[in-house]
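Okay, here's what each chain looks like letter by letter:
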Amino acid sequence: MAVLVFTENWDGKFKKATFELASFASEISKLYNSECYAVTFGSTNDGELASLGKFGVKKAFEIKNKKYQNFNAQSYSAAIVELIEKLSVKTVIFPNNYSGRSIAPRVSVKLKAGFAPGVTSMPVSIDPFIIRRKVYSGKAFADIELKTDIKLISLNQNAFKLVENAVEIQVEEFMPTINDTDFKLETKEVMKNKGKLPITDAEILVSGGRGMKGPEKWGILEELAEVLHAGTSCSRPVSDLGWRPSEEHVGQTGKVVSPNLYIAVGISGAIQHLAGVNSSKNIVAINTDPEAPIFEAADYGIVGDAFEVVPKLTQAIKSFKEQK
Amino acid sequence: MRILVCISHVPDTTAKISFTDDKLEYKKDDIQFIIGPYEELSLTRALELKETVGNITITAINVGFSDTEPTLRKALAIGADDAIRINADPKDAYFVAKQIAEAVKNESFDIVLTGKESINYNGAQVSEMLAEFLQIPSITSASKVEISGDKAIVEREIDGGKEQIETSFPFVASGQKGIAFEPRIPNMRGIMMARKKPLKVIEPVECEELTTITMHELPPPKAACKMVDADNVEELVHLLHDEAKII
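Residues numbered from 1 in each chain as written. Chains lettered and ligands numbered in written order. Predicted model: local features only at pLDDT ≥ 70, side-chain atom pairs only at ≥ 80, totals over all residues. Heavy atoms only, no water.

Caption draft 1: Local environment of the pattern of salt bridges. In the structure shown here, the tally under the stated rule is 39 salt bridges over all chains. E203(A) is the salt-bridge partner of K16(A), the closest N and O atoms lying 3.4 Å from each other. A residue pair is termed long-range when its members are at least 10 positions apart, and K16(A) in helix 1 (residues 16-31) and E203(A) in the loop between strand 11 (186-192) and strand 12 (204-208) qualify at 187 residues. Exposure remark for K16(A): the relative accessible area of 37% places this residue in the partly exposed category. When its relative accessible area of 38% is taken as the criterion, E203(A) is described as partly exposed. Residue K222(B) is joined to D299(A) by a salt bridge in which the shortest nitrogen-to-oxygen separation is 3.4 Å. In this pair, K222(B) is assigned in the loop between strand 12 (211-217) and strand 13 (226-228) and D299(A) in the loop between helix 7 (294-297) and strand 16 (300-303), connecting two distinct chains. Using a relative accessible area of 41% as the deciding quantity, one classes K222(B) as partly exposed. (Salt bridge = Lys/Arg side-chain N within 4 Å of Asp/Glu carboxyl O. Helix = DSSP H or I, 4+ residues; strand = E, 2+ residues; numbered from the N terminus. Buried < 20%, exposed > 50% of the residue type's maximum accessible area, 1.4 Å probe, protein only.)

Caption draft 2: Up close: the nonpolar core. Within the largest apolar cluster, 37 residues are counted, with the highest numbers of intra-cluster contacts made by L224(A), L228(A), I263(A) and I286(A). Of all elements in the fold, only strand 12, helix 4 (219-228), strand 14 (261-265), strand 15 (282-287), strand 16 and helix 8 (306-323) of chain A together with helix 6 (233-243) of chain B reach the threshold of two or more residues within this core. In terms of residues, this core owes the most to one element, helix 8 of chain A, which gives 7 residues. Discounting residues that sit within four places of it in the chain, I286(A) has contacts with I263(A), A264(A), V265(A), G266(A), I302(A), G304(A), A306(A), V309(A), V310(A) and L313(A). Core analysis: the next-biggest nonpolar cluster, separate from the first, contains 35 residues, V5(B), I7(B), A83(B) and I179(B) among them. (Core = buried A, V, L, I, M, F, W, Y, C linked by side-chain atoms within 4.5 Å. Contact = heavy atoms within 4.5 Å.)

Caption draft 3: Quick peek at the interface of chain A and chain B. Taken together, the contacts link 83 residues of chain A with 79 residues of chain B. Note on chain A versus chain B: buried area summed over both sides is about 7300 Å², and carbon and sulfur give 56% of it. On the chain A side of the contact with chain B, Y98(A), Y136(A) and Y300(A) bury the most area, a combined 12% of that side's loss. In this assembly, chain A and chain B are joined by 12 salt bridges. Between E166(B) and K188(A) there is a salt bridge, with the nearest N and O atoms lying 3.6 Å from each other. Our count for the contact surface shared by chain A and chain B stands at 38 residue pairs in polar contact (both at pLDDT 80 or more). Element by element, the count of residues in the side of chain A that touches chain B is highest for helix 3 (residues 98-111) of chain A, at 8 residues. Residue classes in the side of chain A that touches chain B are distributed as 37 nonpolar, 22 polar and 24 charged. Bridge count for strand 16 of chain A against strand 13 of chain B is 3 bridges, and the pairing is parallel. In the strand pairing of strand 13 of chain B, I302(A) is matched with V228(B). (Buried area = accessible area lost by both parts, 1.4 Å probe. Polar contact = N/O pair within 3.5 Å; in protein donor to acceptor, adjacent residues only side chain to side chain. Nonpolar A, V, L, I, M, F, W, Y, C, P; charged D, E, K, R; others polar. Pairing = 2+ DSSP bridges.)

Without other data, these values stay purely geometric and don't point to any function.
Have a look at this one:
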């Protein structure tokens, strides 16, 4: 009944989200009194794989063959299936991000294994296996039963807390069988947004809407973001107008985020925007219109002019942090 | 060249969702159904390719009973050349992908486009499952699809950036924002022509369900927003520290 977790690394390093996944996977393995394993593609920095042992992973497999250097859903899923079979794994945990969403459905077809994407908590029951997931862009939940012997789950970021559970970990290289027909994609170029934290990784986001009046007014939001060590994001009109880059667009058709704190400035809170932010742990709204729907979604609100309130807030946070 | 665009029939993005008494389904009365916004973008991109590259036919497909036909007709009105409806309840993603794969496996499509996810179940599974059934390469969350001779150049979003990928045909790509700028709206001529375009209805093949939804629930109502005076931002700082424990 072993559990396998797909742990992605970025230039050889893991992120906090990786340890959330490992924590979740080893909590699941406890339900079955079984062991938790991890797999990663590409070489990792020294000690990185061993750090998974802190969260209950007993064995970590690394796939170092250069053929797997670039992401490819076809070859990655085939390698994972081989490992699942070798280890008699019954539950596989993926991140609910671009990679997990690409690999897991292929594994599901290869093994006829039921897949629950976008899970936020431990199973409701394990026999039958029922687990809760978000649906309708966060407007509702559904309990989904996985009726197959092998079960696949993808976990949302920032939904499950880290659970320390140090065990001795073994690191092993895994060499999957290479099947040339699985390598038909050729990665030409990888373009990274240099020096910028992806907004889906930010613990705090300062987000601006059309109420900010123009791209030249973003300075006050950037200053607020700086004192909070936060990322910046925006609403759809702002990205459509070209005020901010499209990778900052948060909402139904943009990115879905789940930070600990989301500060919405000059955002009215259209239902499509809320679909992208309703997993945030806390929402602060600053808006001139007291009737704006964003206040219904927010935990804390200030009715006022952003150009007055935001600089004051930045100053207040600065002073507060200095006093501490 | 042939492009297949998979269409989902979903509640409008502004729809308020509620469930039947047995909690197994959402209430469909008073809900307006649309083509999923991501599939609409993918369909738009298919039309752009048809206009710029030429010699392309576009087929729209969905899995659903006859009540979903207006959504497929809309795809025809926007510009798809023909449509296929697989006459079944789309039980889960595996079922949907299997039905589409069976319907098109002998049809030699060069490009298969879906949306990045349906906006009702947000599973983002059908594109990859379909690619696996068809045993062809796939790229999820594609923000660009270009044809360049006998290859296609596809850009996909990754955590913190983008990747440019070259692929041969056929392949599956799931479209997201960027694949096309703005979805097309059908015009009167398109709507008139759509009535005459072929819409083939086929029956589903046998397929087991891997998953079942046992119940739906709405999130608990949110506590009222705590209002802070604009002249007293210090109070907000304290609330964020003491109550929310963030700063």
